[in-house]
Amino acid sequence: MSISVIKRSLLSLGILATTVLLAACGSKSSDQGSTKLASNQKISLSTTAEITSLDLSKIYDKTSFIQIDETFEGLYRYDANGNVEPALATKTKISKDGKTYTINIRHNAKWSNGDPVTAKDFVYSWQRAVNPKTASQYTYLFDNVKNADAIVNGKLSPNKLGVKANGKYQLKVQLARPTTYFKMVMARETLYPLDQKVVEKYGKKYGTSAKYTVYNGPFKNVGWTGTNDSWKLVKNNQYWDKKAVKLSQINYTVAKSPSTAYNLFQSGKLDLISLVGEQAKQLGKSKDAVKRPLAATEYLQYNQRKGVFKNRNLRLAFSLALNRSQLINKVMQNGSIVSKGFVPADFAKNPKTGEDFAKEAYVPGTVDHDAAKAKQYYKKALSQLGKKNLTIKLLSADDDQTKDVIEFIQSELQETLPGLKVESSSIPFASMLARASAGNFEVNFTGWSADFADPISFLSQFTSNNPENNGKWSSQAFDQAIKDSNNKDANNATKRWQDLINAEKILATDQGIMPIYQANGIDLVNPKLKGVVYDRINGHYDYRTAYLTK
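Residues numbered from 1 in each chain as written. Predicted model: local features only at pLDDT ≥ 70, side-chain atom pairs only at ≥ 80, totals over all residues. Heavy atoms only, no water.

**Some thoughts on the sheet that holds strand 11 (residues 272-275)**
Spatially, the three strands line up as an open sheet ordered 11-19-12, and their pairing is antiparallel. Among the strands making up the open sheet, the edge pair consists of strand 11 and strand 12 (289-292). Looking at each pair of strands side by side, their axes are set apart by 30° on average, direction ignored. Sheet topology note: the strand 11/strand 19 (residues 521-525) ladder contains four bridges and is antiparallel. Its bridge partner lying in strand 19, Leu272 is registered against Val525. (Pairing = 2+ DSSP bridges. Helix = DSSP H or I, 4+ residues; strand = E, 2+ residues; numbered from the N terminus. Axes fitted to C-alpha atoms, helices over the stretch in contact; angles between N-to-C directions.)

Laid out in structure tokens, this is it:
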């Protein structure tokens, strides 16, 4: 997910340098025991970025994904370790060949307007997502569903997608190939249901504000106009499991400055914040501090449609010029770690040996600080480009943490590479994502958090035709490795693993992107806030079972 920290999951999810990660102690509502609940079950949270949309088919950033997580619900949900558990699904039967899923859906789920949630709502939502007219950036999640690729590429009608309703409460999904992680995919927001009647009623307005959206999750959004920087989530009394929901309201506000967020926390106006820089250094050992490991990578993407960054030597020069250790130790100071590649550490293990993916796929000389070699690559690049000096433009979001990171990158590159000038452009997060998606950038600082706990969640976005591949880096060998992992080796865990290792090594060797750091974090939490489930895989927070104690 667009970090996705962002999208950009993104996750989109994005994201992190682009989205404040909000968390709390506790796990599930069963922890309440005899604990006395506070009479006022309202909490206040902040983000560093505005909502871009409430249309789950179109969102691509972490702020919006988190809002969808709280106001919608799919067939499955994630637990704290990124594993899936049933949500609207009551029973799932998988055929022997692994390609047919028959899923029974609970009968008591409703939309916030009282409409029943049915199998047809999933069919409509999935067909809408893969329809090229929708322009969803998360269509890759449907890659293994029968006919999805042809539909996304405009070669088949969306109604040919391998999903159909068997009556009102049973969904049948036909895959093009066995997919061992498909339940994890079905827990992603893009595969949540939509109330067709409401979507068609509002048309292009759907999801552009709270009043043009309908919800089937534990909360519903009120007060978001589409442009404002504060809104509320209130308990959805139509939610099928409303007894599990203790919070009556979640107040959200956009706070791009860490100092602003900290002051609000200190005055009791926020119940949790993420710590960065000096804050993390000074408060990281506080009794109210909580470390948040996260499967997310911040990186530079280069526009390789045309221009200087088609040159591999220049891309390598940039990577080796950056002292990542200094960045995380002197600027971040929040538990982030240096990236060995695009797929994060402690995310996936070799099914045969248990080796960590990031360690096994690491390519020496691609992310290691080496000023002398950086100068050599840079000199070669200038000669090949016929230039004596170079000016490049670096695009990023405008929150304070990102600005600090960009300042460091700018300084490092200019000091190490003679004749290089880096001009930075910091703009609102949503605008940055829009420009990046449109290819309107030269170099872009962005991030990606996992959509689910499998390396394909990271690597597939850099196949040549993936809509997430904003820089348009392309490698036939990379594409083939991903294709093999999804097709001929899909049912062979060892061979599939090697396909993905090969893909990561190709990406690293060619420096298709420049991985910088894995965005772990530290949160400062109101000790009275319990029951929040934090997913260390995609960095999303589930407040469905959260509550305040006295």
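**Examining the confidence of the model for the protein chain**
Per-residue confidence for the protein chain gives a mean pLDDT of 91; residues scoring 70 or more make up 94%. Between residues 2-31, whose pLDDT stays under 50, and residues either more than four places distant or in other chains, the model counts 232 contacts. (pLDDT = per-residue confidence, 0-100. Contact = heavy atoms within 4.5 Å.)

**A short note on the packing of aromatic side chains**
Applying the stated criterion across every chain yields a total of 23 aromatic pairs. Seen from the ring of Tyr534, Arg292 lies directly overhead, with NZ or CZ sitting 4.9 Å from the centre. Lying across the ring of Tyr362, Lys340 places its NZ or CZ 4.7 Å from the centre. (Phe/Tyr/Trp six-rings, centres within 6.5 Å; stacked < 30°, edge-to-face > 60°. Lys NZ or Arg CZ within 6 Å of the ring centre and 35° of its normal.)

**Digging into the pattern of salt bridges**
For the structure shown, the criterion picks out 18 salt bridges. Residue Lys287 is joined to Asp288 by a salt bridge in which the shortest nitrogen-to-oxygen separation is 3.5 Å. The exposure class of Lys287 is exposed, given its relative accessible area of 75%. The partner of Asp510 in a salt bridge is Arg315, and the shortest N-O contact between them spans 3.2 Å. (Salt bridge = Lys/Arg side-chain N within 4 Å of Asp/Glu carboxyl O. Buried < 20%, exposed > 50% of the residue type's maximum accessible area, 1.4 Å probe, protein only.)

**Details of the environment of Ile59**
With respect to the helices, strands and loops of the structure, Ile59 is situated in the loop between strand 1 (42-47) and helix 1 (62-71). Ile59 sits 148 residues away from Gly207 along the chain, and the two C-alpha atoms are 9.6 Å apart. Not counting chain neighbours up to four residues away, the residues in contact with Ile59 comprise Ser53, Leu54, Ser64, Phe65, Ile68 and Tyr138.

**Quick look at the sheet that holds strand 7 (residues 170-174)**
Overall, antiparallel pairing links the four strands, which are arranged 4-5-7-6 in an open sheet. A single partner strand is all that each edge strand has here, and the edge strands are strand 4 (89-94) and strand 6 (163-165). The sheet shows a mean angle of 20° between the axes of neighbouring strands, direction not considered. Contacts between helix 2 (residues 119-130) and the sheet are confined to strand 5 (100-105), strand 6 and strand 7, with strand 6 contributing the most and set at about 155° to the helix.

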